Amino acid sequence: KTGEGIPSAITPPSLSQQRNVVFAGTLVNAGRGRVLVIAVGTQTEFGKVATELSAVESRKSPLQIKIDELGTKLATFSMAAIVVIALLGWFMGRPFLETVTVAVSLAVAAIPEGLPICVTVTLALGVLRMARMNAIVKKLPAVESLGCATVVASDKTGTLTQNEMTARSVYTLAYPNL
């Protein structure tokens with residue numbers, strides 16, 4: 001309640017206008033104080049950040065897209081093989097259940113079980129090579145994405161940012177005085 005006879009909502013001022021405000025997660029070293037809670041849950045500053053972060057969608061790397069395409073092609077090929085083999089067996093007079101069982105087992109055998117392991121080992125070797133060159137990579141798909149890059153732009157600390165960087169000048173060996 002705000003002291004009125006009819007309850008009314010408290011609208012907090014904008015973040016830049018707030019003074020003497022304690023946010024969730026604030027640590028106090030010493031002393032005492034009283035606070036008035038003006039927002040809870042997703043209305044707090046933490047909640048707003050969490051809401052924005054949950055709306056961010058992760059993009060697939062080119063390798064993940066290619067593996068998805070390969071999986072779709074293999075599934076389509078397997079289904080076509082099952083139908084063709086089942087129909088051929090049925091036309092040859094074989095029992096239908098036996099023919100379908102053979103067709104399904106052949107289609108399952110066509111899918112490579114070791115593909116995810118092979119991709120993971122290859123990316124791990126890429127991480128190892130980059131670590132030898134003092135590059136730290138947190139996620140394996142980032143190695144593949146960096147491998148596709150032709151130009152890497154970084155700030156003065158060497159940190160790669162979130163796809164938001166502006167080149168102010170370019171130095172090339174062909175035109176060093178630009």
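Residues numbered from 1 in each chain as written. Predicted model: local features only at pLDDT ≥ 70, side-chain atom pairs only at ≥ 80, totals over all residues. Heavy atoms only, no water.

A. Structural context of the confidence of the model for the protein. Summary statistics for the protein give a mean pLDDT of 77 and a share of 81% for residues scoring 70 or more. By mean pLDDT, the top-scoring element of the protein is helix α2 (residues 62-91) (85), and the lowest-scoring one is helix α5 (residues 140-148) (71). (pLDDT = per-residue confidence, 0-100. Helix = DSSP H or I, 4+ residues; strand = E, 2+ residues; numbered from the N terminus.)

B. Main features of the side chain of Ser78. When you line up the elements, Ser78 lands in helix α2. Among residues more than four places away in sequence, those in contact with Ser78 are Ala107, Ala110 and Ile111. (Contact = heavy atoms within 4.5 Å.)

C. Seen up close, the packing of aromatic side chains. Counted by the stated rule, this structure contains one aromatic pair. Pairing Trp90 with Phe91 gives two aromatic rings, centres 5.6 Å apart and planes at 40°, and the pair type is tilted. Using a relative accessible area of 65% as the deciding quantity, one classes Phe91 as exposed. (Phe/Tyr/Trp six-rings, centres within 6.5 Å; stacked < 30°, edge-to-face > 60°. Buried < 20%, exposed > 50% of the residue type's maximum accessible area, 1.4 Å probe, protein only.)

D. Structural detail: the packing of α2 against helix α3 (residues 96-110). Two elements in contact, α2 and α3, have axes whose closest approach is 8 Å; the angle formed by their N-to-C orientations is 155°. Comparing the axis directions of α2 and α3 gives the class roughly antiparallel. Note that α2 runs across α3; the crossing there is right-handed. Contacts between α2 and α3 involve Leu74, Ser78, Ile82, Ile85, Ala86, Gly89 and Trp90 on the former and, on the latter, Phe96, Thr99, Val100, Ala103, Val104, Leu106, Ala107 and Ala110. Of the residues contributing to the contact of α2 with α3, the split by class is 12 nonpolar, three polar and no charged. (Axes fitted to C-alpha atoms, helices over the stretch in contact; angles between N-to-C directions. Parallel < 35°, antiparallel > 145°, perpendicular 65-115°, else oblique. Left-handed = near helix turned anticlockwise from the far one by under 90°. Nonpolar A, V, L, I, M, F, W, Y, C, P; charged D, E, K, R; others polar.)

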